Amino acid sequence: MSAPDHMASWVAVALVVLATVLVGGFGLRISRTTSDFYVASRTVRPRLNAAAISGEYLSAASFLGVAGLVLVHGPDMLWYPVGYTAGYLVLLVFVAAPLRRSGAYTLPDFAEGRLESRQVRRLVSALVVGAGWLYLVPQLQGAGLTLKILTGAPGWLGDVLVATVVAAAVAAGGMRSITFVQVFQYWLKLTALLVPALFLVLAWQGDGRPRVSFDDQLAVFRADHPLYATYGLIVATFLGTMGLPHVVVRFYTSPNGRDARRTTVAVLALVGLFYLLPPIYGALGRLYTPELRYGGDADAAVLLLPARVIGGLGGDFLGALIAGGAFAAFLSTASGLTMAVAGVITQDVLPARGVRHFRLATVLAIAVPLVGSLLVSRVPVADAVGMAFAVSASSFCPLLVLGIWWRRLTPPGAVAGLLLGGGSALLAVAITVSGAVRPPGWPHALLAWPAVWSVPVGFLAMILVSLATPGRIPPGTNAAMTRFHLPEALSSARAAAGRER
């Protein structure tokens, strides 16, 4: 069987890194203020913002992991791309416009502005950093896997290379710079999957269209409760998107609530278009890379298919294109996550704020997950990202939905929900990754897919404790709710009228 051409892959990765640096440098030239660094001065228009959000959202789990899961477990794994996409529909309906109207820079800003509590802010900050680091680890490990398979480089080199480039790009230009980088990388990722997929399908037809069979699906990590695992996946992906720190922060860059909604609609189209492609690679992987089902490297199917199916110079070229797209996936998502985590560290951990401290926070934001990626054994990337979604769905989803739509939410209620919902999900994920509880059995299933129980726990804790502490409703609740739900023009007019009286 053919192997990928190392030189072509090295060239593709080098070009992607160089293009990322150059595009980021263009953003640096027009980053002038602190607001440019944090939210691009809230001037990013819907189409540009949608491409940037799609660029950072389509991570290693999307580029490699979905195809790997379809290869191993069959069509049931299509719930991953469905959930990843449908999460934006929930975001559109419940969160996008009010979140932009809140005027916050980060999720902790929103929490403090809505609940007028430093305690809630500190807790949200800790969860944002934890969820961001949890999401960053599989991006770095995916980069290591990609570089190892395509170039023969040591496994740690991809982790370090992505961390270094991301730290440089984010620290140099902040949100303004990263926006242009992520737009470029979305279109590169789409091209890198679409063009090879067309040639792979033509080659499959030339082989006589052999039938792809999913009759002998493996249940490697589905444990012995596949239905429960599926529901856990659905809940986590449907509700987790709205709380992902690197996704949420991008809505603060929209000029107004209306543009935030238009951005979300465009994201649905762009993400949906992309997710038509990974299942093709998973299905073809069943035919042409069947050994990956048993070796634990199913995520590599996308990388190996061009050499296996087409071969020759054409296979090398298409493999190099996929290598570049895969590296773009790691860079774009890691950039967005690092940006979100660095913003929180700058505002809530470091003793002073400003661009200089933001750059220091950027190094901290990427260094910790880099160490984790080198020390922790590799989990399939889609599974690892699913765990981050579960933590987000259990903590930030209840906070955002109730904070935006329920006047009676109190700071003690928010703290209880964040600790019991998000905290329990984070603990479950940590136990799962550590390997302390192994399949089969209900204990492993409950810990590996905690969203089924941790999301209701988060909502119930916030509601019940808030109802038990009615005297703790923040005095500025009515003003905050008005700001969330009235269009900007009406809200400003009402505020001006109040000042005149």
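As a reminder, the structure under discussion sits directly above these lines.
Below or above, wherever it landed, is the structure these notes cover. (Residues numbered from 1 in each chain as written. Predicted model: local features only at pLDDT ≥ 70, side-chain atom pairs only at ≥ 80, totals over all residues. Heavy atoms only, no water.)

## Some remarks on the overall build of the protein chain
Quick reminder of the rule: Numbered from the N terminus, helices here are DSSP runs of H or I no shorter than four residues, and strands are runs of E no shorter than two. Relative accessibility decides the category of a residue: with a 1.4 Å probe and only protein chains considered, values under 20% of the type maximum give buried, values over 50% give exposed, and everything between is partly exposed. By definition, residues are in contact when any of their heavy atoms lie within 4.5 Å. Areas reported as accessible are Shrake-Rupley estimates using a 1.4 Å probe. Residue values count occlusion only from the protein chains shown.
When you go through the protein chain residue by residue, the secondary structure sums to 23 helices and 0 strands. Looking at the protein chain as a whole, 59% of its 501 residues qualify as buried. Intrachain contacts of the protein chain at a sequence separation of at least 6 include 85% that bridge at least 24 residues. In the form shown here, the protein chain has an accessible surface area of approximately 18,500 Å², with 68% of it arising from carbon and sulfur atoms.

## Examining a nonpolar patch on the surface
Defined as follows: Candidates for patches are residues over 30% relative accessible area with no salt bridge; among them, like charges are joined within 9 Å and nonpolar side chains (Val, Leu, Ile, Met, Phe, Trp, Tyr) within 5 Å. In the sections that follow, a salt bridge refers to a side-chain nitrogen of Lys or Arg positioned within 4 Å of a carboxyl oxygen of Asp or Glu.
Judged by side-chain polarity, M7, W10, V11, L15, L18 and L22 come together as a nonpolar surface patch covering roughly 600 Å² of accessible area. Along the polypeptide, L15 turns up in helix α1 (residues 6–29). With a relative accessible area of 52%, L15 lands in the exposed category.

## A word on the pattern of salt bridges
Inspection of the entire model under this criterion finds 7 salt bridges. The partner of E112 in a salt bridge is R118, with the nearest N and O atoms 3.4 Å apart. Each of D109, E112, R118, R121 and D348 takes part in one network of salt bridges that share partners.

## Focus on helix α16 (residues 312–348)
For an α-helix the count is 3.6 residues per turn, leaving residues at separations of three or four pointing the same way. Put simply, the rule reads: Helix span, expected: 1.5 Å multiplied by one less than the number of residues in the helix.
Between its first and last C-alpha, α16 extends 54 Å over 37 residues, near the 54 Å set by a 1.5 Å rise per residue. When you tally the buried positions in α16, you get 31 out of 37 residues, the bulk of the element.

## Regarding unusual backbone geometry
One non-glycine residue, E116, lies in the positive phi region at around 55 degrees. Looking at where E116 falls in the secondary structure, it is placed in the loop between α7 (107–115) and α8 (118–151). Overall, the relative accessible area of 42% leaves E116 in the partly exposed class. In this structure, R209 takes a positive phi of about 55 degrees despite not being glycine. The topology assignment puts R209 in the loop between α9 (155–206) and α10 (226–240). Exposure remark for R209: the relative accessible area of 54% places this residue in the exposed category.

## Observations regarding helix α13 (residues 278–288)
Among the 11 residues that make up α13, 8 are buried, leaving the element largely enclosed by the rest of the structure. Among the residues of α13, P278, Y281, G282, A283, L284, G285, R286 and Y288 are the ones counted as buried.

## As for the side chain of S102
Along the chain, S102 turns up in the loop between α6 (96–101) and α7. Excluding residues that lie within four positions of it along the chain, S102 makes contacts with F110, Y252, R483 and F484.

## So, the environment of V183
Within the secondary structure layout, V183 lies in helix α9. Residue V183 is classed as buried on the basis of its relative accessible area, which comes to 14%. Spatially, the C-alpha atoms of V183 and N49 are 7.9 Å apart, while their sequence positions differ by 134 residues. Each residue touching V183, except ones within four places of it in the same chain, is listed here: L48, A51 and A52.

## Notes on the environment of I431
Locating I431 in the fold gives a position in helix α19 (residues 411–434). A C-alpha to C-alpha distance of 9.2 Å links I431 and H444, two positions 13 residues apart in sequence. Discounting residues that sit within four places of it in the chain, I431 has contacts with A436, V437 and L447.

## Quick notes on the packing of helix α3 (residues 46–57) against α16
Definition in use: Each axis is a line fitted through C-alpha atoms, taken for helices only over the stretch in contact, and angles between the N-to-C directions span 0 to 180 degrees. The cut-offs work like this: below 35 degrees is roughly parallel, past 145 is roughly antiparallel, 65 to 115 is roughly perpendicular, and the gaps in between are oblique. Throughout, the ten residues Ala, Val, Leu, Ile, Met, Phe, Trp, Tyr, Cys and Pro are labelled nonpolar, Asp, Glu, Lys and Arg are labelled charged, and all others, Gly among them, are labelled polar.
At a minimum axis separation of 6 Å, α3 and α16 run at an interaxial angle of 105 degrees. Considering their axes alone, α3 and α16 lie roughly perpendicular with respect to each other. Contact residues: α3 offers G55, E56 and Y57, while α16 offers S332, T333 and G336. Considering only residue class, the contact of α3 with α16 consists of 1 nonpolar, 4 polar and 1 charged.

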